Amino acid sequence: MARDERITLAHGNGGRLMHALVDRLAAHFSNEILDERADAAEVRIGGERLAFTTDSYVVDPLFFPGGDIGSLAVLGTVNDLAMKGAQPLFLSLGLICEEGLPVRVLDRVARSIQKAARRAGVSIVTGDLKVVEKGAAHKLFVNTSGIGVIRYFNRLGVRARPGDAILVNGGIAEHGMAIFKARHEMGFMADIKSDVAPLNGVVGRCLAASKRIRFLRDVTRGGLATTLNEIARVSRAGIEVREEDIPVRPAVRKMCDVLGFDPLYISCEGRFVCCVDGKDTAKVKRAMGPQARLIGRVVGGHRGAVHLFTRVGAGRLLPMLEQDQLPRIC
Amino acid sequence: MNRDPIRLMEVCGTHTMAIARAGIKKILPPGIALLSGPGCPVCVTSGHDIDRAAAVGRQKGVILTTFGDMMRVPGSRGSLQDLKREGRDIRIVYSCLDALEIARRTPRRDVVFMGVGFETTAPTVAATVLEARKKGIRNFSVLPHFKLIFPALEALLLSEAVRIDGFICPGHVSVITGSRPYEKIVRRFKRPCVITGFEPSDILKGIGTLVRALRTRRPRVVIEYTRAVRPAGNIKARQLLNTVFEPATAQWRGLGVIKKSGLAFRRAFRDFDALRRWPVRVAAGKEPAGCLCGDVLRGVKTPADCRLFGKKCTPEHPVGPCMVSSEGTCAAFYHYGQ
């Protein structure tokens, strides 16, 4: 990165540029816990193992089919804790409002926050509110930090291993397409809703079902392709997935086709990838719910990279997201 | 079997992307080669046209609107994105109607839409212009940098720069044009044409159809994309197009100036021509040194032949448009590896 380089939106899209920037910043603070680069940090206080994480939410529009910035802010943080095998307990809530924001919008978001917190079994125990001048923020930004107790610390590894099965718990790309639909008022695309949902329950069931779960990661920005690359990178192993096994709901696939998007790079908010010892595949798949699919395996070859076998049987690299996808022109 | 490979051109950028995404080249027998053609709207827009758009974008009070991919294509004095960083009001829109809506909401500013695209996109712009006239929105105009694909294909065949045995024709363009314009190519150049969809199975079927036509030496037009394309095309869309625009000479990146390969406003709609409102003049632009986009667009070279590819030219720092566009051949090669 050159000295005079500026931040672009691609530095925040969850893809390769963002990873490079995060690496650069994290180098300043390097320590054992941070360097693990998990969704949540694992910290020990006294005899207790805790998971701790933070996330900021700047989604536009604030309300979209299936959710809003409030439910997202609670459940996004809850899910990061869940990926550590933790039971999420307490959340902080920071609100940055733009001057001029109607108070009733804030009320509506607060109600949604409470509803989501109840659904996930967490409490908002501290908070902060700031107001900035018109134009200094866009409507409403939300930050949440969360803390939870790690229940299954001895059951969750930090790396996927060759032979592991790779499972995903449902159709991908639903959140990203719901946001796109709301942002561009594409009313003709019915039946597409954000998948935003708490994952702590389902993760608990998976961990109870198998002692051989190696790695969990929720699929967020950058989509499934990016998550799989992160797992391959952290685990220093290769991943092979089959395109036809990756679940994409028909309405979502159609909308992606119309716009020229690759669903593998579109975000989710209620999906996670589980790497489990091949022997326990069936048990964990059952625990993950009826929409869960086995999409591929961890392999010894092509370390750090993801290979996709396409519908027509050709194999190719599945890279991380580079630039955000734009709708095609014709 | 010691024949030259059959060389088929997929004209459309969306096909190029779909072929790369599905890895189709990897499973084709060695006797069939696929070449990418000039069907990426962003890629074929000349540097000169980008410079001209930038000059309009610098005019006082102008809001320049364009499709997202167009923002990052380098012109001779930087890209539209650079212009935006300078503080000019350049906005990404997803359709021409979005630009008209901006014009309606900001009556004191002049909203210019940079129109690129082929027969598929131009009718929607024509419809928007008619809407603007109906609603009396005067602060809206269009830079008509549209392209027509058939004159380009003929120019490509006439230039004989590259041997093309058959065409995988653009599915979306054909929805509008129907299959008749291809009959001319078949009659004049004896090349088979197949109109096909964008699923891997559509593309494979199309390739099969072309190979059979070549083997039996019976070139003709076949519509395999029957779920979307009719022989007559979309008559209503073409009527809209012809109401507002007429064919005009256009400059293509890689192919140069081709007669009747672009669109200009008809006399009755000249009020909407941004180039009449702002008759800006820019020097003839030079292509970036070492960039092979022009040759890639004609199928003469592949991205692998380019010394900049993957080194100086990446999606993060594109030198040429084929690396920028989501329909560009270089971007397809870069993302999906060939």
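Residues numbered from 1 in each chain as written. Chains lettered and ligands numbered in written order. Predicted model: local features only at pLDDT ≥ 70, side-chain atom pairs only at ≥ 80, totals over all residues.

Concerning the overall build of chain A
Assigned secondary structure in chain A consists of eight helices and 14 strands. For 330 residues, the compact-globule formula gives about 20 Å, and the C-alpha radius of gyration of chain A, at 19 Å, lands near that figure. If you line up chain A on its principal axes, its C-alpha atoms span 60 × 55 × 45 Å. For chain A, with 330 residues in total, the buried portion stands at 45%. A sequence separation of at least 24 residues applies to 83% of the contacts in chain A between residues at least 6 apart. (Helix = DSSP H or I, 4+ residues; strand = E, 2+ residues; numbered from the N terminus. Rg over C-alpha atoms; globule rule 2.2 N^0.38 Å. Buried ≥ 20, exposed ≤ 12 C-beta atoms within 10 Å, placed from the backbone. Contact = placed C-beta atoms within 7 Å.)

Considerations on the confidence of the model for chain B
Looking at chain B, the pLDDT average stands at 93 and 99% of residues meet or exceed 70. For this predicted complex, the interface score ipTM comes out at 0.81, alongside a pTM of 0.87. (pLDDT = per-residue confidence, 0-100.)

Some words on unusual backbone geometry
Between A:Asp60 and A:Pro61 the backbone carries a cis peptide bond, its omega angle lying at 5°. Secondary-structure assignment places A:Pro61 in the loop between strand 2 (48-57) and strand 3 (63-64). Residues other than glycine seldom take positive phi values, yet A:Arg37 does so here, at roughly 55°. Mapped onto the fold, A:Arg37 is located in the loop between helix 1 (16-26) and strand 1 (41-45). The phi angle at B:Lys190 is positive, at roughly 55°, despite the residue not being glycine. Mapped onto the fold, B:Lys190 is located in the loop between helix 10 (180-189) and strand 8 (193-195).

A few points about the packing of helix 6 (residues 96-105) of chain B against helix 7 (residues 122-135) of chain B
All names here are of chain B. Axis separation between helix 6 and helix 7 bottoms out at 9 Å; the angle between their running directions is 25°. By the angle between their directions, the pair helix 6 and helix 7 is classed as roughly parallel. Judged by the twist between their axes, the crossing of helix 6 over helix 7 is right-handed. Contact residues: Cys96, Leu97 and Leu100 in helix 6; Thr124, Val125, Thr128, Glu131 and Ala132 in helix 7. In terms of residue class, the contact of helix 6 with helix 7 is made up of five nonpolar, two polar and one charged. (Axes fitted to C-alpha atoms, helices over the stretch in contact; angles between N-to-C directions. Parallel < 35°, antiparallel > 145°, perpendicular 65-115°, else oblique. Left-handed = near helix turned anticlockwise from the far one by under 90°. Nonpolar A, V, L, I, M, F, W, Y, C, P; charged D, E, K, R; others polar.)

Describing helix 6 (residues 223-235) of chain A
Residue and element names in this part refer to chain A. In this model, helix 6 (13 residues) spans 19 Å end to end at C-alpha, consistent with the 18 Å of a helix rising 1.5 Å per residue. In terms of burial, helix 6 is a largely internal element, eleven of the 13 residues being buried. By the burial criterion, the buried members of helix 6 are Gly223, Leu224, Ala225, Thr226, Thr227, Leu228, Asn229, Glu230, Ile231, Ala232 and Ser235. Residues of helix 6 that are buried make contact with strand 8 (164-168), strand 9 (213-218), strand 10 (238-242), strand 11 (272-277), strand 12 (293-299) and strand 13 (306-309). At the C-terminal side of helix 6, Arg236 shows a positive phi close to 50°. (Expected span 1.5 Å × (residues − 1).)

What to know about the environment of B:Trp278
All names here are of chain B. Within the fold, Trp278 resides in the loop between helix 13 (274-277) and helix 14 (293-297). Judged by C-beta crowding, with 18 C-beta atoms within 10 Å, Trp278 ranks as partly exposed. Along the sequence, Trp278 and Gly115 sit 163 residues apart, while their C-alpha atoms lie 15 Å from each other. Setting aside its immediate chain neighbours within four residues, Trp278 contacts Val56 and Gln59.

Regarding the packing of helix 1 (residues 13-22) of chain B against helix 16 (residues 329-336) of chain B
Residues and elements named next belong to chain B. One way to put it is that helix 1 packs onto helix 16 with a least axis distance of 9 Å and a crossing angle of 10°. Judged by the angle between their axes, helix 1 and helix 16 are roughly parallel. The chirality of how helix 1 crosses helix 16 is right-handed. Residues Thr16, Met17, Ala20 and Arg21 of helix 1 lie in contact with helix 16, whose contacting residues are Thr329, Ala332, Phe333 and Tyr336.

Section: the domain arrangement of chain A
All names here are of chain A. By the assigned domains, chain A splits into domain 1 (31-151) and domain 2 (156-317). Once you take the C-alpha centre of each, domain 1 and domain 2 turn out to be 23 Å apart. Between domain 1 and domain 2, the residue contacts involve 24 residues of the former and 23 residues of the latter. At the level of secondary structure, the elements contributing two or more residues to the side of domain 1 that touches domain 2 comprise helix 2 (69-82), strand 5 (86-98) and helix 3 (103-120). With eight residues, helix 2 is the largest single contributor of residues to the side of domain 1 that touches domain 2. A class-by-class count of the residues in the side of domain 1 that touches domain 2 yields eleven nonpolar, seven polar and six charged. (Domains from an automatic or database assignment.)

A word on the interface of chain A and chain B
Contacts between the two partners involve 21 residues from chain A, matched on the other side by 29 residues from chain B. Ranked by the residues each element gives to the side of chain A that touches chain B, the list is headed by strand 14 (residues 315-317) of chain A, at three residues. Here the residues of the side of chain A that touches chain B are counted per class, giving nine nonpolar, seven polar and five charged.

Description of the pairing of strand 11 (residues 256-265) of chain B
Residues and elements named next belong to chain B. In terms of strand pairing, strand 10 (residues 245-252) meets strand 11 through seven bridges, oriented antiparallel. By the bridge assignment for strand 11, Pro247 is matched with Leu263. Taking the residues between adjacent antiparallel strands as the criterion, strand 10 and strand 11 are bridged by three residues, where Gly254 takes a positive phi near 85°. (Pairing = 2+ DSSP bridges.)

Some points on the domain arrangement of chain B
Residues and elements named next belong to chain B. Assigned domains of chain B: these are domain 1 (1-291) and domain 2 (293-336). When each unit is reduced to the centre of its C-alpha atoms, the spacing between domain 1 and domain 2 is 18 Å. Of the residues lining the interface, 31 residues belong to domain 1; the matching set on domain 2 comes to 24 residues. Tallying contributions element by element places helix 1 first for the side of domain 1 that touches domain 2, with six residues. Residue composition of the side of domain 1 that touches domain 2, by class: 18 nonpolar, eight polar and five charged.

Some thoughts on the environment of B:Thr66
For B:Thr66, the position within the fold is in strand 3 (residues 62-66). The spacing of B:Thr66 and B:Leu143 is 77 residues in sequence and 9.9 Å in space, taken between C-alpha atoms.

What about helix 7 (residues 250-259) of chain A?
Residue and element names in this part refer to chain A. When helix 7 is considered as a whole, its buried residues turn out to be Val252, Met255 and Cys256. In a view along the axis of helix 7, the buried residues occupy a sector of 100°, so they form one face of it. Contacts made by the buried residues of helix 7 are with helix 4 (174-183). Gly260, located one to two residues past helix 7, shows a positive phi value of around 80°. (Arc of directions from axis to C-beta.)

Things to note about the sheet that holds strand 7 (residues 166-169) of chain B
All names here are of chain B. The strand order across the open sheet built from five strands is 2-1-7-8-9, with neighbouring strands paired in parallel fashion. Sheet topology places strand 2 (32-39) and strand 9 (221-223) at the edges, where each strand pairs with a single neighbour. The average undirected angle you get between the axes of adjacent strands in this sheet is 20°. Sheet topology note: the strand 1 (residues 6-12)/strand 7 ladder contains three bridges and is parallel. Among the inter-strand pairings, Leu8 is bridged to a residue of strand 7, identified as Gly166. Contacts from helix 11 (residues 200-215) reach strand 1, strand 2, strand 7, strand 8 and strand 9, with the element oriented near 155° to strand 7.

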